[in-house]
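Descriptive structure summary
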Amino acid sequence: MRKLVLLCFLGAAGVLLIRAQVSPASYAWLAPSSGSVLPKEMTFADPLGRLGVLNAEGPVDTKGNPFFEPLGSNGRACVTCHQPANAMSLSVDSIRERWRATNGKDPLFAAIDGSDNPSLPQDLESSHSLLLNRGLFRVGLSWPPANNPNPEFTIDIVRDPTGVNRDSTWGLHSSKPAVSVFRRPRPAVNLKYVLAPDNGFFNVKLGVLLDKDPETGKPVSMNMMADARAGTLVIQAQSAYHDHQEGKGQLTRDQLDRIIAFEKQVYAAQVWDNGAKDLTEANGPGALGPLSLFREKEGVLNSPAKPVFLSFDRWKSDTEFRQSVARGNDIFLNRNSWVKDVAHINSIGLANPAKRSCAVCHNAVMSGMDRAPGWVDLGTTNYPTWTEPNAINEPGELPVLKLTCRADAKPHPFLGRVIYTSDPGRALITGKCTDIGAITMGQFRGLAARAPYFSNGSAKNLMELVDYYDRRFDMRLTSREKQDLVNFLGVL
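So, here is what we can say about the structure in this document. (Residues numbered from 1 in each chain as written. Predicted model: local features only at pLDDT ≥ 70, side-chain atom pairs only at ≥ 80, totals over all residues. Heavy atoms only, no water.)

**Some thoughts on the overall build of the protein chain**
- The secondary structure content of the protein chain amounts to 13 helices and 17 strands.
- Relative to the 2.2 N^0.38 estimate, which gives 23 Å for 492 residues, the radius of gyration of the protein chain is 22 Å and therefore close to what a compact globule would have.
- Principal-axis analysis of the C-alpha atoms places the extent of the protein chain at approximately 60 × 55 × 45 Å.
- Each of the 492 residues in the protein chain was classed as buried or not, and the buried ones make up 58%.
- About 20000 Å² of surface is accessible on the protein chain, with carbon and sulfur atoms providing 53% of the total.
- In the protein chain, which carries 55 positive and 50 negative side-chain charges, the distance between the mean positions of the two groups comes to 3 Å. (Helix = DSSP H or I, 4+ residues; strand = E, 2+ residues; numbered from the N terminus. Rg over C-alpha atoms; globule rule 2.2 N^0.38 Å. Buried < 20%, exposed > 50% of the residue type's maximum accessible area, 1.4 Å probe, protein only. Areas by Shrake-Rupley, 256 points an atom, 1.4 Å probe, with all protein chains shown as cover. Lys, Arg positive; Asp, Glu negative; His and termini not counted. Charge placed at Lys NZ, Arg CZ, Asp CG, Glu CD.)

Have a look at this one:
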């Protein structure tokens, strides 16, 4: 049996509060059709320590399993973009290593979405710059959306550095009009928390009905994808087969059932931190490690009795680094800042600005997602708060689109009728101006194994992520408080 456990060697550094970031020398890449048997528990080195992956149903034989076998025409399998060593997502370090190891020939770099533009020469590293530099895959979405042939806004291309949105085959004015945006792959792990629907049948934030599972008629969480376009794992798997594996026809029921069975039983979380050491020791914080994710109940809302990531109080009198983690948890739960100009937060009844903590929005216990459908315009993709070069016409890596809302449409609540964006987010699915830039919140687990962060890969590390929130909401965090938050996020 192929050995998939990759351990890192830890030095005796005396610095406790600032964790050492190291890049593993090699990566436990699991290629399609490897024939490996995955053990029940796996451990992989990552830049901050070690990630643990739990197959709750026991060892998994990947041979013949449709999650691990190429089903389409380009050699990819689901595992290509959802690697166990990267918390069932991908890290930029792993992507770059794979380019070096295969000279860019791995199916990961398939032209359809692993390149900046399928029309570019595919043997050039520059043609895959967004995947190699930021871990982004191209997502081409038909325009106008099928469920809204008369959207509330028009789209003009301001900047198109990859050329794909003006491309005669793939672009906005091609025979099959589409808008291309670039996004990180979401972790296919800990899914019982991601899929847990809010109570009842309504999106409590917007007062509209939740989407329903077409097979069961039951409401779905609408939290699974960045734009919530696929409500169930069946829909997502069929879409990925067509769009990412370039498959023909439909997956069989047996293939779907086996893919979903694997996805639902796999859990991942950090198990060792270079500063905090063993995260799964007896009597440690109850939320840490993959086994805690397996055992806890999904769909629980943050409360004083059950905080988002349970209690870190026992670490408040432990080592200096563990005290830092506990302080970071307290900041996450209790430190209020002025949350402002966030569509679907400040626009739905909260004041603008509203004095709230991180846990008010990231309120789902154990995952840090939103119990309600979590798409909000945090501002990472919309001008002027986006993470790109601030001038609209300044050179940059991502496209810039100008969206102009119709006079009879409800405008974006904070940006008006003309919005510049690198990714319209949920609005490309609904066609609504109020959804421009809204991206569904992601889970907080296994973060150390899958940098960079945000849907557009703009935060290279956890400090850059914290810095963005600090600037965006004028949190006025001290250097120590920022590091406390980073240390807290890193152990999850």
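**What about the sheet that holds strand 11 (residues 277-278)?**
- Ordered in space as 2-3-10-11, the four strands form an open sheet in which the pairing is antiparallel. Looking at strand neighbours, the two that pair on one side only are strand 2 (41-46) and strand 11, the edges of this open sheet.
- Of the strand pairs in this sheet, strand 3 (residues 49-55) and strand 10 (residues 266-273) are connected by seven bridges, and their pairing is antiparallel. Residue Leu54 lies in a different strand from strand 10, and its bridge partner there is Tyr267.
- Across the sheet, helix 7 (residues 253-265) lies against strand 3 and strand 10, angled at about 30 degrees from strand 10, the strand it touches most. (Pairing = 2+ DSSP bridges. Contact = heavy atoms within 4.5 Å. Axes fitted to C-alpha atoms, helices over the stretch in contact; angles between N-to-C directions.)

**Quick word on the sheet that holds strand 15 (residues 400-405)**
- Pairing is antiparallel across the open sheet formed by three strands, whose spatial order is 6-15-16. Sheet topology places strand 6 (153-159) and strand 16 (418-421) at the edges, where each strand pairs with a single neighbour. Here the average twist between neighbouring strands, direction ignored, is 25 degrees.
- As defined by bridge partners, strand 15 adjoins strand 16 across four bridges and the pair is classed as antiparallel. Within strand 16, the residue paired with Leu403 across the bridge is Ile419.

**Describing the nonpolar core**
- In terms of nonpolar packing, the biggest core is built from 52 residues, with Phe309, Phe312, Trp315, Phe332, Phe488 and Leu489 touching the most fellow members.
- Of all elements in the fold, only strand 10, helix 9 (320-334), helix 10 (358-361), helix 12 (462-472) and helix 13 (479-490) reach the threshold of two or more residues within this core.
- Setting aside its immediate chain neighbours within four residues, Phe309 contacts Ala287, Asn329, Phe332, Met366, Ser367, Gly368, Phe444, Arg445, Phe488 and Leu492.
- If you look at the next biggest cluster of nonpolar residues, it comprises 37 residues, including Leu191, Leu233, Leu251 and Ala364. (Core = buried A, V, L, I, M, F, W, Y, C linked by side-chain atoms within 4.5 Å.)

**Details of the state of the cysteines**
- Taken as a whole and assessed by the stated rule, the structure comprises one disulfide.
- In this model Cys405 forms its disulfide with Cys433; the gap between the sulfur atoms is 2.3 Å. Since a negative S-S torsion denotes a left-handed disulfide, the Cys405-Cys433 link at about -135 degrees is left-handed. Here Cys405, found in strand 15, pairs with Cys433, found in the loop between helix 11 (427-430) and strand 17 (439-440); they are 28 residues apart in sequence, far enough to count as distant.
- A disulfide-free cysteine, Cys358 has its sulfur positioned 8.7 Å from the sulfur of Cys361, the nearest such atom.
- In this structure Cys361 comes out as buried when scored by relative accessible area, which is 16%. (Disulfide = S-S within 2.5 Å.)

**Quick notes on the environment of Asn487**
- Within the secondary structure layout, Asn487 lies in helix 13.
- In sequence terms Asn487 and Gly328 are 159 residues apart; their C-alpha atoms lie 7.0 Å from each other.
- Among the polar contacts made by the side chain of Asn487, one reaches the side chain of Ser324 at a distance of 2.9 Å. (Polar contact = N/O pair within 3.5 Å; in protein donor to acceptor, adjacent residues only side chain to side chain.)

**Brief notes about the environment of Pro373**
- Along the chain, Pro373 falls in the loop between helix 10 and strand 14 (375-376).
- Under the relative-accessibility criterion, Pro373 is labelled buried at 1%.
- In this structure, the C-alpha to C-alpha distance between Pro373 and Thr319, residues 54 residues apart in sequence, is 38 Å.
- Every residue in contact with Pro373, bar those within four places of it in the chain, is listed here: Asn203, Lys205, Leu210, Ser221, Met222 and Asn223.

**What to know about the pattern of salt bridges**
- Enumeration according to the criterion identifies 23 salt bridges in this entry.
- Salt-bridge contacts for Arg476 lead to Asp474; the nearest nitrogen and oxygen are separated by 3.2 Å.
- Accessibility expressed as a relative area gives 39% for Asp474, which makes it partly exposed.
- Here the residues in one salt-bridge network are Arg183, Asp227, Arg229 and Asp423, joined through shared partners. (Salt bridge = Lys/Arg side-chain N within 4 Å of Asp/Glu carboxyl O.)

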